[in-house]
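Listed below, chain by chain, are the residues.
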Amino acid sequence: MVMQRYLLTYMGVVLALYLHHLVRAIEVPRDPSIQDILLQPPTITKQSVKNYIVDPRDNIFIECEAKGNPVPTFSWTRNGKFFNVAKDPRVSMRHWSGTLAVDFRSGGRPEDYEGEYQCFARNDLGTALSNKIFLQVSKSPLWPKENLDIQEVHEGAPLILACNPPPGLPPPAIFWMSSSMESIHQDKRVSQGQNGDLYFSNVMQEDALTDYSCNARFAFTHTIQQKNPYTLKVLTTRGIAERHPSFMYPTGTSSSQMVLRGEDLLLECIASGVPTPDIVWHKKGGELPVRRFKLENFRKALHIANVSEEDSGEYFCLASNKVGISRHTISVRVKAAPYWLDEPENLILAPGEDGKLVCRANGNPKPSVQWLVNGEPIEGSLPNPSREVNGDTVIFRATQTGSSAVYQCNASNEHGYLLANAFVSVLDVVPRILAPRNQLIKVIQNNRTRLDCPFFGSPIPTLRWFKNGQGSTLDGGNYRVHENGTLEIVMARKEDQGTYTCVATNLLGTAEAQVRLEVKDPTRIIDGPKDAVPKKGTTVHLICRTRYDPTLRLTVTWLKDDTPLFLGNRIKKEEDGLTIYGVAEKDQGYYTCVASTELDRDSARAHLTVLVPTSVNRMSLPKARPERPRDLELTDLAERSVRLTWIPGDDNNSPITDYIVEFEEDRYLPGTWHNHSRYPGSVNSAVLRLAPYVNYQFRVTAVNEVGSSYPSLPSDRYQTNGARPEYNPTGVKGAGTSKNNMVISWTPLNATQVYGPRLRYIVKWRRKDTRESWSSATVEGDVSKYTVTQTPIYTPYEIKVQAENEYGKAAEPDVVIGYSGEDFPSPPKYFRIRQPNLETVTLEWEHPEHPNGILVGYTLRYQAFNGSKSGRTMVENFSPNQTKFILQRTDPISRYRFNLRGRTQIGEGEPSTGESPTLLNEAYTKNQGDIATQGWFIGLMCAIALLVLILLIVCFIKRSRGGKYPVRENKDVPLDPDDQKVDNGSFDYSDEDNKPLQGSQTSLDGTIKQQESDDSLVDYGEGGEGQFNEDGSFIGQYTVKKDKEETEGNESSEATSPVNAIYSLA
């Protein structure tokens, strides 16, 4: 079978990956068929809060639930000691759960069970721990009895009425009322402080008209306790003197306050003075945090939400009236309980694989990190040679079956602690396909579709897709394989129909499943309804003709004003449209034809305007834009919707055709109105779909044929609850701005997509086609880019950006491909310069070995020169695909210098350089080529060769007879002065005009190349037969090479020299 042959190859690939330990974490799917068979250590799934306050009137339940296989068993400690549940008849533990229940129906005191509890969930593979749960019973003590004297105070003087509520658990809510249960009016002169006291900046005579009683509301017991009332006696004077502002709380000129990160900061300044002072807040050296602060209690309190370290510093409040200004400085220190940077996560490994648990936390002061294994300090656990503890990281190497355990990380400082459980499970599982067998997927042509093939195995299987049993795998082009096994078809075409097979392979085996894909034609309305203006009582027909895939079931429905249309005897649906008999006024409106199948739908809409005869010709009345709608009302308030109702304004003799609903939110773009929806002019109420975590305000605009009305006055605001994001940022891309970085950018979510507070983006990246783990960074707020540094030059990266808010993360984002920065390219390879004739020069090259980016072209600079003279530099730009250029020479004498560089977006790279060949050799070669083709020249050369042979024979005969010929052993050695003197009647002969012609050879590329040797043809006189090329040039190649003999002057003659004869012919 073809598939089986290819599986052998894939087994080899998986084996190589295994041997190189290229491991990523294994995730166990939630599929019950997997969960039921895999052994897993315990995991805590539910537990009570750390600080647990209970109502003394109710039974106590301390929650602890866990999952695992085998099913975990539970035990508890109380105040650090084993808590024997069986010994206490009031305490029981729920079945299949660790939740404790304390029943007081038969008596007992809840206070006896206060303390610190911790739950342990165990099975054969390890032990998981809950947080330490500090149980306290709610308390609402009675107010101590006290007799309060009448408070005498001068008019205009400041006054503080102390509350001093009893210390409850949790602290009670404080409010002031009179003894007759009427609320005390508060304003900037009279207000309640954070501590519950009532402050009078200055007392007025009217303050004595009532008494003042402090009330404490205890939430758990739902009780209110009232303090004995204060009675005021205001002493009047002839006139109230104006007084400089002075701080009643806090006192003095400075104070300090500590707050924990993530909590809310509440600063308060209450001042006395006449007139009543105004309070203004500032931060020294900076601005108050936008969108996170608000002023409360008549501007006397500054409330900053979700404090971070940047909120540390000095804040000051200014109290001012017309007499003067007072200032109080509050030094704020932000500390932090431990918070996670990297929380350890469950780790599932195959035998022999490596992995690590990371526990990184921050805080102020810096938290200490302690590791435990199965609830015991790791230092005291049994030695494990495959485990290494390195600070906040536990490293596992070559894990083996039986090494499963639950590890706890405890990060703590003086302000709190964090406890996280993370198990290490070593599994050996053959691949399994979790999708249903023989799935059928239908998709509309040109739409995107995904074929799912969820799988599991340990080691992590390698997944491949095949189509119609063919041997090649599907990935790239129109196909994209995701890590979870899904095959995405970017644009389904008819030729994509067929049977697809997914195959999961690891060292233990293979598994496969098949999915059949059918591509259907889209549903289209080819002739839709048109706007019509029938008279009342007539018949009108609205057309709706469709085209659809015949294998799908088509349904055609009609809507009127976006609600289902009731059909009857007067309104009938026909095969090609809708017919309305006896048109009435109520039939006016928008009609929508909806054609739908199980896969897609299409719609078309038209407006029906009914003409009604009237006694007054309305058409003759002047028309104008409609009046604005009024009296907006919000009803049917729901989690994700609200009904908006309005009263239409006058249409000013032109019927209202549309209403436009807009909304404004006050968090991200306050004061900016956005289009929400549009409705026909016949309605005055609509259900609006809403997004989470938006503080909506609506307005309505009416539209007629003349124009639009002014917008209505805004409605009341409606705040929706938050939720995790449903959208990820769009427009994600990665590109380098320099050679060693990559800027990842995206389009941030808009105000209706944020869905919750603390919006942030999780940016992940890794090099494409590698198994390296994802690198990640988190950016806050409206940031739309992140720069990755120290990247290799022009390398493809996989990138994804995920939105997250306080409620959770959006769905897993799609992966896009980006590239790191480009650099200058290396020189073009194999730069060659040829000169086939005197008219042109040919340049050829190949692409640079290292483009270092996208090659956008080449730049050629060249310059003619002749000796010391140079022409101006010329520039030619070529496309990136061009690798040849022919230069037309302007004259036959000059030579050229060339400089060729490749270009990327960064600029030009290093050059390849060269010069055109010398022109003398060119001219000689050309002339030689012209002569060598003549018959007479060939005959002449043969005659000369014969003469040379005869001459050599004569010389040999003379020499054999003992002739005297002085010989210089090496012709290349320069003559000494003594060599030029006559010695023994002999002399050297040298004629510069008769120097032997240098041998030449025609290269394969047509250029003339000078040979290195300067030997003349005479040097090879006894070397064998002379030969000629096809172009007539003489080839100076001989089997034996001798030194030249120098003869006496009367035996050297230009007339008899064959060399000179050849030279003269050339």
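Keep in mind the model is a prediction, meaning the values are calculated, not measured.

## So, the sheet that holds strand S35 (residues 393-396)
Here is step 1: With antiparallel pairing, three strands are arranged side by side in an open sheet as S30-S35-S34. Because the sheet does not close on itself, it has two edges, and the strands there are strand S30 (355-358) and strand S34 (387-390). In this sheet, neighbouring strand axes are inclined to one another by 15° on average, regardless of whether the strands run parallel or antiparallel.
Here is step 2: As paired elements, S34 and S35 share four bridges and run antiparallel to each other. Note that in S35 the partner of Arg 387 across the bridge is Phe 396.

## Notes on the nonpolar core
Here is step 1: The biggest cluster of nonpolar side chains holds 33 residues, and the ones touching the most others in it are Ile 62 and Trp 76.
Here is step 2: Looking at this core, the elements that each hand over two or more residues are strand S2 (51-54), strand S3 (60-62), strand S4 (64-69), strand S5 (73-78), strand S8 (100-102), strand S9 (115-123) and strand S11 (133-137).
Here is step 3: Not counting residues within four places of it along the chain, the set of residues in contact with Ile 62 comprises Ser 48, Tyr 52, Trp 76, Gly 98, Thr 99, Leu 100, Tyr 117, Ile 133 and Leu 135.

## Comments concerning the pattern of salt bridges
Here is step 1: One pass over the structure, following the stated rule, counts 57 salt bridges.
Here is step 2: For Glu 844, the salt bridge is made with Arg 834, and the minimal N-O distance between the two is 3.6 Å. You can see Glu 844 sitting in strand S72 (residues 840-846) and its partner Arg 834 sitting in strand S71 (residues 829-834), a full 10 residues away along the chain.
Here is step 3: Connected through salt bridges with shared partners, the residues Arg 448, Arg 450, Arg 480, Glu 488 and Asp 814 form a single ionic network.

## Some thoughts on the confidence of the model for the chain
Any residue range with low pLDDT should be treated as having predicted coordinates unsuitable for detailed reading.
Here is step 1: Taken residue by residue, the chain gives an average pLDDT of 84. The fraction at 70 or more is 85%.
Here is step 2: This stretch, residues 1-23, has a pLDDT under 50; its non-local contacts, to residues over four places away or in other chains, come to 37 contacts.
Here is step 3: Below a pLDDT of 50 lies the segment residues 963-1066, which in the model reaches 124 contacts outside its immediate sequence neighbourhood of four places, other chains included.

## Topic: helix H4 (residues 935-960)
Here is step 1: For H4, spanning 26 residues, the distance from its first C-alpha to its last is 38 Å, which sits close to the expected 38 Å at 1.5 Å a residue.
Here is step 2: Among all positions of H4, only Phe 937, Met 941 and Ile 944 are buried.

## Some thoughts on the state of the cysteines
Here is step 1: Applying the stated rule across the entire model yields six disulfides.
Here is step 2: Each sulfur in the disulfide pair Cys 64 and Cys 119 lies 2.0 Å from the other. Looking along the S-S bond of the Cys 64-Cys 119 disulfide, the torsion reads about -75°, which is the left-handed sense. A residue pair is termed long-range when its members are at least 10 positions apart, and Cys 64 in strand S4 and Cys 119 in strand S9 qualify at 55 residues. For the pair shown, Cys 64 and Cys 119 are each scored as buried.
Here is step 3: Across the disulfide from Cys 359 sits Cys 409; the S-S distance is 1.7 Å. Looking down the S-S bond of the Cys 359 and Cys 409 bridge, the torsion is -60°, so its handedness is left-handed. Separated by 50 residues along the polypeptide, Cys 359 in the loop between S30 and strand S31 (360-364) and Cys 409 in strand S36 (residues 405-413) bring together distant segments of the chain. Just as Cys 359 is buried, Cys 409 falls in that class too.
Here is step 4: Each bonded cysteine of the chain is numbered by sequence order, and under that numbering the disulfide pairs are 1-2, 3-4, 5-6, 7-8, 9-10, 11-12.

Each value, and the rule that gives it
Residues numbered from 1 in each chain as written. Predicted model: local features only at pLDDT ≥ 70, side-chain atom pairs only at ≥ 80, totals over all residues. Heavy atoms only, no water. Pairing = 2+ DSSP bridges. Helix = DSSP H or I, 4+ residues; strand = E, 2+ residues; numbered from the N terminus. Axes fitted to C-alpha atoms, helices over the stretch in contact; angles between N-to-C directions. Core = buried A, V, L, I, M, F, W, Y, C linked by side-chain atoms within 4.5 Å. Buried < 20%, exposed > 50% of the residue type's maximum accessible area, 1.4 Å probe, protein only. Contact = heavy atoms within 4.5 Å. Salt bridge = Lys/Arg side-chain N within 4 Å of Asp/Glu carboxyl O. pLDDT = per-residue confidence, 0-100. Expected span 1.5 Å × (residues − 1). Disulfide = S-S within 2.5 Å.

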